[in-house]
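Structural overview
Listed below, chain by chain, are the residues.
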Protein chains: 2
Amino acid sequence: MGSASRMKEFLSKMEMELDKTVNFWLKYSHDDKHGGFFTCLSKDGKIYDETKYCWLQGRQVWMYCKLYNTVPKYHTEQVLKAAVKGGEFLMKHVKSPTSDKCFFSVTRDGQPIKVQRTIFSECFYLLAMSELGRATGDQKYKDEAVKMLDKVEHWARWDNTELGRPELSGSPPTNALAVAMIFFNLVDEVCWDDVELQRKYAPLLEWSVEQTLQHLQREGSVVLEYVRTDGTELPGSQGRLINPGHAIETGWFLLQHAVKSNNKSLRESAITDFILKPFKHGWDDVYGGLFSFLDADGISPTQLEWNMKLWWPHNEALIAFLMTFKETRDMQYLDAFEKIFDYSMNHFSDSSNGEWYGYLDREGRPSMDFKGGPFKGCFHVPRCLMMCIQMLKELIAEGNLIKM
Amino acid sequence: MGSASRMKEFLSKMEMELDKTVNFWLKYSHDDKHGGFFTCLSKDGKIYDETKYCWLQGRQVWMYCKLYNTVPKYHTEQVLKAAVKGGEFLMKHVKSPTSDKCFFSVTRDGQPIKVQRTIFSECFYLLAMSELGRATGDQKYKDEAVKMLDKVEHWARWDNTELGRPELSGSPPTNALAVAMIFFNLVDEVCWDDVELQRKYAPLLEWSVEQTLQHLQREGSVVLEYVRTDGTELPGSQGRLINPGHAIETGWFLLQHAVKSNNKSLRESAITDFILKPFKHGWDDVYGGLFSFLDADGISPTQLEWNMKLWWPHNEALIAFLMTFKETRDMQYLDAFEKIFDYSMNHFSDSSNGEWYGYLDREGRPSMDFKGGPFKGCFHVPRCLMMCIQMLKELIAEGNLIKM
């Protein structure tokens, strides 16, 4: 099959998947009474827990607004209204009334349950605010996003005292990939249409490049999840930990940044070191799918789910390989995309109810059959589908520009 | 096969297993330089991480002392010396110099890495101190155990401010089975040879009975892991969570307490509600072995490892069913013991290197091949074998007293 027809087939399947997925969330997740979203949803949309996990509240507001702002068929009152009610729930109940922290989880009506000593609830809060500002045209949301981005930068770079994590002498200052890489996404989302803000956060992006590249270890052969802040390896299992999906997600964040900033060596490293090598290393040649965790020395990881196949690394890999193909027109990347696409459609997708299963065992059978849970909401699947659809459309529109 | 010969066969296999297991730890786990133990050990004893997880430091000191004090062949200088060096490491490095808290993990040389906002590091610290007091005859260890037991009781019953966990309005006061049930073990271990201390802690045991029985829900059909402090069910996945191995462990703690205190209805409930029903519910009829987590409504649990077979529930079930058989002489309990015994020998035991694999997939294949890790040390396997050997010897010595 020629590349153009392959891409048309991908496009048509992904458009169908996106519709089913968005319909799933539109139909089952809205809390019309309190605002915000139910995310603990069974395979056919039944609510099995009313807890509102705040990463997922923020992510769903962002996702709805992005769909509203960029996909004509989702530019609807229903989508906007749910996003606004979600945004108001975030401002009123997820952000702590006494500090700049956001809660990790709250009850259905917004009473706080748990607070994490990290920056991620706040990251997804600000992504929601940023895109809600564009969807509504209301400046208050954008202001809130910028204010929180400043705060998160402050905690990550300068002083994390307010997070409340005790500093202990046996725990060396650690550079976590999750923190290093998230700023590419945050800055891109908040600033892409604002040159002044781009200038303001340029040093933050420089810092993020430096922090992210520290994770490339052992002569560029491996992306480690945690390193010392001086760029050397940490001892033990934590130091050897590899999260292939996370490396690949970092890869497409880096690739976007490298292309925008016209940085050729960074572009090369994003593709080779963060996308291609982690994919080859992380793919299970026996049963297919990406492992969740590996140990750089081939020792047994200590994470119980290390050999499970989780949905989101496959979403990140689909984005990363299509983006890489679009940048390079090298067929090996389209082939990798197809391999992940086929695995995902055969194992994660639920054609009868919409959305994807999240957690497969090593052999690829759903180990838990819910569509949403404490860490899975309306985010990775629709973000991936939306971005891939956009890229496929661009590729198809450009015609057959493929290097053979 | 007659019951007596079955029991002799169990005994001989378990004695062999205990030897192999203890030899594994004696050979590979000692840190001769700093004291304490390496617990992150591969299947053949290689150290893959030097971090000292403090639950496991305390447990290994307790286990060594118990073996030293009760099993003649382990009443050796080597065992005692390692226990004393472990105990000194605990007092010097695991207990915080500035509070009554113990750390969750420290570096090889004792620098603190992490502190948990719970009571469990402290529980295993005091178990270690208590048995080390008997092994050495040194009163300072017993004093330390009693002092910490008072502290842990204070945190659990009266005021947990010092644990540092924020109280949030959406998180109702919760009764965790792990906290309710552990005091049976703590009080039994610290006080069994001290009538005065038994009197002192009698009210604590009464409280523990009450707290533990609150977990029996839905007309006695199920043991839930978390309930409200008023004894009603919590909402959502947390409220419906079942941990079969934990219920069964609680069962034998309760059974011991009921027998000692001659409480017949508690004895009955321990056997039927906490041991037999959770075993029947928790056993995987397809592949064998005990599930790690279940949901009381049959919904998918959100714990990724819910269908994995972990070593320790099988250790608890072996103890519980042999103890129940010894109490009742009802053959159904010996049959259950045999079923678990056979599963464990066929799947967990490693006859070539000693100790058991800890983490099997649903089908019973080792998913991680290490013998020790952040949560698995020298504790559940040897405790189970030691206790079962003792019970089997008593049963055999009594002759054939079995009701048919």
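Calculation rules
Residues numbered from 1 in each chain as written. Chains lettered and ligands numbered in written order. Predicted model: local features only at pLDDT ≥ 70, side-chain atom pairs only at ≥ 80, totals over all residues. Heavy atoms only, no water. Helix = DSSP H or I, 4+ residues; strand = E, 2+ residues; numbered from the N terminus. Rg over C-alpha atoms; globule rule 2.2 N^0.38 Å. Buried < 20%, exposed > 50% of the residue type's maximum accessible area, 1.4 Å probe, protein only. Areas by Shrake-Rupley, 256 points an atom, 1.4 Å probe, with all protein chains shown as cover. Lys, Arg positive; Asp, Glu negative; His and termini not counted. Charge placed at Lys NZ, Arg CZ, Asp CG, Glu CD. Contact = heavy atoms within 4.5 Å. Pairing = 2+ DSSP bridges. Least-squares fit on C-alpha atoms with pLDDT ≥ 70 in both. Expected span 1.5 Å × (residues − 1). Polar contact = N/O pair within 3.5 Å; in protein donor to acceptor, adjacent residues only side chain to side chain. Buried area = accessible area lost by both parts, 1.4 Å probe. Salt bridge = Lys/Arg side-chain N within 4 Å of Asp/Glu carboxyl O. Phe/Tyr/Trp six-rings, centres within 6.5 Å; stacked < 30°, edge-to-face > 60°. Lys NZ or Arg CZ within 6 Å of the ring centre and 35° of its normal. Axes fitted to C-alpha atoms, helices over the stretch in contact; angles between N-to-C directions. Parallel < 35°, antiparallel > 145°, perpendicular 65-115°, else oblique. Left-handed = near helix turned anticlockwise from the far one by under 90°. Nonpolar A, V, L, I, M, F, W, Y, C, P; charged D, E, K, R; others polar. Core = buried A, V, L, I, M, F, W, Y, C linked by side-chain atoms within 4.5 Å.

**Some remarks on the overall build of chain A**
Summing up its helical and strand segments, chain A has 13 helices and 14 strands in all. For 404 residues, the compact-globule estimate of 2.2 N^0.38 gives 22 Å, and the C-alpha radius of gyration of chain A, at 20 Å, lies within 12% of that figure. Along the first, second and third principal axes, the C-alpha atoms of chain A reach 55 × 50 × 45 Å. Taken across its 404 residues, chain A has 62% of its residues classed as buried. When the accessible surface of chain A is totalled, it reaches about 15700 Å², and 51% of it is carbon and sulfur. Of the side chains in chain A, 48 bear a positive and 55 a negative charge, and the two mean positions are spaced by 3 Å.

**Concerning the side chain of Asn185(A)**
Residue and element names in this part refer to chain A. You can see Asn185 is positioned in helix H6 (residues 177–191). According to the relative accessible area criterion, Asn185 is buried, its value standing at 9%. Setting aside residues no more than four positions away along its own chain, Asn185 makes contact with Leu127, Phe253 and Arg383.

**Observations concerning the sheet that holds strand E14 (residues 366–368) of chain A**
Residues and elements named next belong to chain A. Here we have three strands laid out as an open sheet, ordered E12-E13-E14, and antiparallel in their pairing. Of all strands in the sheet, those bounded by a partner on one side alone are strand E12 (309–310) and E14. Relative to E14, strand E13 (residues 359–360) runs antiparallel, the two being bridged by two bridges. The residue of E14 that forms the bridge with Leu360 is Pro366.

**Topic: the relation of the copies chain A and chain B**
Note on the identical chains: chain A maps onto chain B by a rotation of 180 degrees and an axial translation of 0.0 Å, with an RMSD of 0.0 Å. These values place the two chain copies in the arrangement generated by a two-fold rotation axis. When C-alpha positions in chain A are compared against the rotation axis, the closest is assigned to Glu305(A), at 3.4 Å. Comparing contact sets, 97% of the residues at the interface of chain A also lie at the interface in chain B, consistent with an isologous, same-surface contact.

**Points about helix H5 (residues 139–158) of chain A**
Since the α-helix turns once every 3.6 residues, residues separated by three or four places project in the same direction. Residue and element names in this part refer to chain A. Here H5 is 20 residues long and its end C-alpha atoms lie 28 Å apart, about the 28 Å a rise of 1.5 Å per residue gives. When we look at burial in H5, the residues that qualify are Tyr141, Glu144, Ala145, Val146, Met148, Leu149, Lys151, Val152, Glu153 and Trp155. Against the buried residues of H5 lie helix H3 (77–94), helix H4 (120–136), H6 and helix H7 (195–213). The backbone nitrogen of Lys140 has a side-chain oxygen 3.0 Å away, supplied by the residue at the start of H5, namely Asp138.

**Overview of the interface of chain A and chain B**
Contacts between the two partners involve 38 residues from chain A, matched on the other side by 37 residues from chain B. Taking both partners together, chain A and chain B bury about 2800 Å²; carbon and sulfur atoms supply 58% of that area. The largest per-residue losses of area from chain A upon contact with chain B belong to Tyr48(A), Leu168(A) and Leu304(A), which jointly make up 21% of the total buried on that side. Put simply, chain A and chain B have two salt bridges between them.

**Some words on the sheet that holds strand E3 (residues 52–53) of chain B**
Residues and elements named next belong to chain B. Pairing in this open sheet of three strands is antiparallel, and the strands run E3-E4-E5 from one edge to the other. Single-partner strands in this sheet number two, and they are E3 and strand E5 (112–114). Looking at chain direction, strand E4 (residues 105–106) and E5 are connected through two bridges and run antiparallel. Paired with Ser105 across the bridge in E5 is Lys114.

**Observations concerning the packing of aromatic side chains**
All told, the structure shown has 52 aromatic pairs over all chains when counted by the stated rule. Where Trp62(B) meets Phe379(B), the ring centres are 5.6 Å apart and the plane angle is 70 degrees; that geometry is what we call edge-to-face. With Trp62(B) in helix H2 (residues 54–70) and Phe379(B) in the loop between strand E14 (366–368) and helix H13 (380–398), this residue pair connects regions lying 317 residues apart in the sequence. Across this residue pair, the class does not change: Trp62(B) and Phe379(B) are buried. Between the aromatic rings of Phe348(B) and Trp356(B), the centroid separation amounts to 5.8 Å while the plane-to-plane angle is 10 degrees, which identifies the pairing as stacked. Three or more aromatic residues link up through ring pairs in this structure, and these residues are Tyr53(A), Trp55(A), Trp62(A), Phe104(A), Phe120(A), Phe124(A), Phe375(A) and Phe379(A). The cationic tip of Lys371(A) hangs over the ring face of Tyr357(A); the distance from NZ or CZ to the ring centre is 5.0 Å.

**Brief notes about the packing of H2(B) against helix H4 (residues 120–136) of chain B**
All names here are of chain B. Interaxial distance between H2 and H4 falls to 8 Å at its minimum, and their mutual angle equals 25 degrees. As summarised for this structure, H2 and H4 are arranged roughly parallel, according to the angle between their axes. Considering the relative orientation of H2 and H4, their crossing is left-handed. Residues Trp55, Gly58, Arg59, Val61, Trp62, Cys65, Lys66, Tyr68 and Asn69 of H2 form the contact with H4, whose participating residues are Phe120, Ser121, Phe124, Leu127, Ala128, Glu131, Leu132, Arg134 and Ala135. Class assignment of the residues belonging to the contact of H2 with H4 gives a composition of eleven nonpolar, three polar and four charged.

**Here we look at the nonpolar core**
One finds Phe321(B) and Phe337(B) to be the most contacted residues of the largest nonpolar core, which totals 142 residues. Excluding its chain neighbours within four sequence positions, the residues that come into contact with Phe337(B) are Phe10(B), Met14(B), Leu318(B), Phe321(B), Leu322(B) and Cys388(B).

**So, H6(A)**
Taking 1.5 Å per residue, 15 residues should reach 21 Å; H6(A) reaches 22 Å between its end C-alpha atoms and fits that length. Buried residues dominate H6(A), accounting for 14 of its 15 residues.

**What about the environment of Ala320(B)?**
Residues and elements named next belong to chain B. Note that Ala320 resides in helix H11 (residues 311–328). Remark: the alpha-carbon pair of Ala320 and Gln256, spanning 64 residues in sequence, is separated by 9.8 Å. Ignoring any residue separated from it by four or fewer positions in sequence, one finds Ala320 in contact with Ile248, Trp252 and Ile275.

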